[in-house]
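Coordinates in review
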Number of protein chains: 2
Amino acid sequence: MLNVPAKPKITVAVVEDDARVRQHMANILKRAPDVACLGIFSNAEDAVREIPQLRPMVVFMDINLPDHDGVWAVQQLSPRSLQTQVVMLTVHDDTDTIFNSLAAGASGYLLKPIQSAELLSAVRTVSSGGVPMTSNIARKIIQSFGNATTASVNSNREEMACLTAREREVLECLAKGYLYKEVAELLKISYRTVHTHIEHIYEKLHVRSRTQAVAMFFDQKHS
Amino acid sequence: MLNVPAKPKITVAVVEDDARVRQHMANILKRAPDVACLGIFSNAEDAVREIPQLRPMVVFMDINLPDHDGVWAVQQLSPRSLQTQVVMLTVHDDTDTIFNSLAAGASGYLLKPIQSAELLSAVRTVSSGGVPMTSNIARKIIQSFGNATTASVNSNREEMACLTAREREVLECLAKGYLYKEVAELLKISYRTVHTHIEHIYEKLHVRSRTQAVAMFFDQKHS
DNA sequence: ACAACAATCGGCAGTTCTGCCGACAATGGT
DNA sequence: ACCATTGTCGGCAGAACTGCCGATTGTTGT
């Protein structure tokens, strides 16, 4: 991160069947000065055949592929190119899929749609030995772990705890299905203030929509 | 005063008994402009007593401490400082130690010797809700997890009787916070079809918004 | 054969939400 | 006195959602 001259670029490959997403990722990676995208594949067969020759440091692997499962592709790749780190990139956040991927040798797990900053952060994280994953994914893993023994402390409950009383009031209204303007009426504040509270709630809970926040609210309530 | 967003520094504390390592980490953290190191401790007792007052966002906790186990320290700390994330920092990579640390409430697990980039990356990762750990650690967790547990995710009550199977699928996606376009990708159908299913769901459940439908979904699920 | 339904698509207007730029007053702690 | 936090507001652009007008293809039951 400091003044290190002549830093070799991080080599990357992408396996993704959706042309739109593929193009999107290519654009993001192309703009990064410290990243070199060696190849982009739309199916698992091509990827498994070509990637060992390209030897990228990082592979982003979609799970929904037309010919094979992304997990299958990881299993094929891992033994062959030991220096490659694989980051799964998918919409599935169920525990089974996550665990199968990681057990197959994946080094990270991110949920689509992925933001450009998130993607580049993942590239650098994984190339420096880290494990990029969203907080929700990590929480699933840790929670599953904690279930067997003691109480898991780092859960939704803790994220809820950092909400202020007013923010919790707003979130409860959202959980009942009220519109912004209805929340405003109920709490005797302006539409704009509801708006601001919700912005803060999203930031603190690391979510990007009302329904994600409500889902987390219910998870916490019934856990 | 406002033109520079006055980004608050990430506050950090370190618990580490080896003086050399302690100094090394202090130097690294001191050089980071966005990090403020509030305290460095050489034993667990001091750390457990002082850290709740300092309220750092991140604590790096060694496991080999002279007076107590680092896991013990985490257990003491977690209930008291809810906003603090703990990253274990140790030479032990055996499954039991990792397991116990995470169960005690740790948010991450890194192996010594730690590089400066790695340390700073971990600070930022954990302060933004992530979970720093090396890929080897993550794999160990996954593997040992795979032994004990089998997934039991699908507990769908068959109420919501009026909804068709497809509509319930869509509703479950909504309950996880997906956007229309994400549901479309997940179910391999078009945006417009998702739209139509949701119209039917709203009509059958007598609601007028996504969040109301999701609230009803959760009510049914947990009743 | 026909009706009813389920599942899949399209367009379009209007509403709602989200993100980002700001602001100000009150409070409490250092 | 100063700073951080909280709660309260405004505007605006773009994204997402909702509602309503359609449609075709199958399946199921009568």
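Not measured: the values here are computed from a predicted model. (Residues numbered from 1 in each chain as written. Chains lettered and ligands numbered in written order. Predicted model: local features only at pLDDT ≥ 70, side-chain atom pairs only at ≥ 80, totals over all residues. Heavy atoms only, no water.)

1. Focus: the protein's contact with DNA strand D
Near DNA strand D you find 19 residues, and of these Thr164, Arg192 and His197 of chain A together with Tyr180 and His195 of chain B are the closest. Taking all atoms of DNA strand D within 4 Å of the protein, the share assigned to sugar and phosphate is 54%. Here serine 190 of chain A contributes a backbone N or O atom positioned 2.7 Å from a phosphate oxygen of DNA strand D. In this structure, a base oxygen belonging to DNA strand D sits 2.4 Å away from a side-chain N or O atom of arginine 192 of chain A. Looking at the surface near DNA strand D, the elements with two or more residues in it are α10 (191-205) of chain A together with α8 (180-187) and α9 (191-205) of chain B. Take the surface near DNA strand D: its biggest share by element is 5 residues, from α9 of chain B. For the surface near DNA strand D, the per-class residue count stands at 5 nonpolar, 7 polar and 7 charged. (Near = heavy atom within 4 Å. Polar contact = N/O pair within 3.5 Å; in protein donor to acceptor, adjacent residues only side chain to side chain. Helix = DSSP H or I, 4+ residues; strand = E, 2+ residues; numbered from the N terminus. Nonpolar A, V, L, I, M, F, W, Y, C, P; charged D, E, K, R; others polar.)

2. Considerations on the nonpolar core
Of all hydrophobic cores here, the largest spans 45 residues; its most connected members are Ile201 and Leu205 of chain A together with Val183 and Ile201 of chain B. Those elements that place two or more of their residues in this core are α8 (165-175), α9 (180-187), α10 and α11 (210-221) of chain A together with α7 (165-175), α8, α9 and α10 (210-221) of chain B. In terms of residue count, α11 of chain A provides more of this core than any other element does, 6 residues in total. Excluding its chain neighbours within four sequence positions, the residues that come into contact with valine 183 of chain B are Val170, Cys173, Leu174, Tyr178 and Val194 of chain B. (Core = buried A, V, L, I, M, F, W, Y, C linked by side-chain atoms within 4.5 Å. Buried < 20%, exposed > 50% of the residue type's maximum accessible area, 1.4 Å probe, protein only. Contact = heavy atoms within 4.5 Å.)

3. With respect to the packing of α8 of chain A against α11 of chain A
Angle between the axes and distance between the axes: these two values describe a pair of packed helices. All names here are of chain A. It is the contact of α8 with α11, at a shortest axis distance of 9 Å, that shows an interaxial angle of 100°. One finds that α8 runs roughly perpendicular with respect to α11. Facing α8, whose interface residues are Leu171, Glu172, Leu174 and Ala175, α11 presents Arg210, Ala213, Val214, Phe217 and Phe218. A class-by-class count of the residues in the contact of α8 with α11 yields 7 nonpolar, no polar and 2 charged. (Axes fitted to C-alpha atoms, helices over the stretch in contact; angles between N-to-C directions. Parallel < 35°, antiparallel > 145°, perpendicular 65-115°, else oblique.)

4. Some details on the sheet that holds strand β5 (residues 108-111) of chain B
In a beta sheet, neighbouring strands are held together by backbone hydrogen bonds and run either parallel or antiparallel to one another. All names here are of chain B. Taken together, 5 strands build an open sheet; the order of strands is β2-β1-β3-β4-β5 and the sheet is parallel. Of all the strands in the sheet, the pair left with one neighbour each is β2 (35-41) and β5. Sheet twist, expressed as the mean angle between neighbouring strand axes with direction ignored, is 20°. When strand β1 (residues 10-15) meets strand β3 (residues 58-62), the two strands line up parallel, connected through 4 bridges. Of the residues in β3, the one forming a bridge with valine 14 is phenylalanine 60. Against the sheet, helix α2 (residues 44-54) contacts β1, β2 and β3, and its axis sits at roughly 150° relative to β2. (Pairing = 2+ DSSP bridges.)

5. Points about the side chain of glutamate 16 of chain A
All names here are of chain A. Mapped onto the elements, glutamate 16 comes out in the loop between β1 (10-15) and α1 (19-31). Residue glutamate 16 is classed as buried on the basis of its relative accessible area of 0%. Aside from chain neighbours lying at most four places away, what touches glutamate 16 is Val21, Arg22, Phe41, Ser42, Asp62, Leu65 and Lys112.

6. Observations regarding the protein's contact with DNA strand C
In the region of DNA strand C, 20 residues are neighbours, and Tyr180 and His195 of chain A together with Thr164, Arg192 and His197 of chain B sit closest. Expressed as a percentage, the sugar and phosphate content of the atoms of DNA strand C within 4 Å of the protein is 54%. Going through the elements one at a time, α9 and α10 of chain A together with α9 of chain B are the ones with two or more residues in the surface near DNA strand C. The dominant element in the surface near DNA strand C, judged by the number of residues it contributes, is α10 of chain A, at 5 residues. Its residues assigned to classes, the surface near DNA strand C shows 6 nonpolar, 7 polar and 7 charged.

7. Some details on the packing of α10 of chain A against α11 of chain A
All names here are of chain A. Axis separation between α10 and α11 bottoms out at 10 Å; the angle between their running directions is 60°. By the angle between their directions, the pair α10 and α11 is classed as oblique. Relative to α11, α10 is oriented so that their crossing is left-handed. Packed against α10, whose contacting residues are Ile201, Tyr202 and Leu205, the element α11 presents Arg210, Ala213 and Met216 at the interface. For the contact of α10 with α11, the residue count by class is 5 nonpolar, no polar and 1 charged. (Left-handed = near helix turned anticlockwise from the far one by under 90°.)

8. Quick look at the sheet that holds strand β5 (residues 108-111) of chain A
Residue and element names in this part refer to chain A. In space, the 5 strands of this open sheet follow the order β2-β1-β3-β4-β5, with parallel pairing throughout. Because the sheet does not close on itself, it has two edges, and the strands there are β2 (35-41) and β5. Strand-to-strand twist across the sheet, computed as the mean angle between neighbouring axes with direction ignored, equals 20°. Sheet strands in contact with α1 are β1, β2, β3 (58-62) and β4 (85-90), and its direction is about 165° off that of β2. Here helix α3 (residues 70-77) sits on the sheet in contact with β3 and β4, set at roughly 150° to β3.

9. Some points on the packing of aromatic side chains
This model, assessed by the stated rule, comprises 5 aromatic pairs over all chains. Aromatic side chains phenylalanine 218 of chain A and phenylalanine 218 of chain B sit 4.7 Å apart centroid to centroid with 10° between the ring planes, which places their arrangement in the stacked category. Of this pair, phenylalanine 218 of chain A sits in helix α11 while phenylalanine 218 of chain B sits in helix α10, which puts the two residues in different chains. For the pair phenylalanine 218 of chain A and phenylalanine 218 of chain B, a shared accessibility class is recorded, and that class is buried. Between tyrosine 180 of chain B and tyrosine 191 of chain B, the ring centres sit 5.6 Å apart and the planes meet at 45°, which makes this aromatic pair tilted. Residue tyrosine 180 of chain B is found in helix α8, and its partner tyrosine 191 of chain B is found in helix α9; the two are separated by 11 residues along the sequence. (Phe/Tyr/Trp six-rings, centres within 6.5 Å; stacked < 30°, edge-to-face > 60°.)

10. A word on the pairing of β5 of chain A
Residues and elements named next belong to chain A. Across the two faces of β5 the burial is the same, with Gly108 and Leu110 and Tyr109 and Leu111 all buried. As paired elements, β4 and β5 share 4 bridges and run parallel to each other. Bridge assignment links methionine 88 to a residue of β5, and that residue is tyrosine 109.

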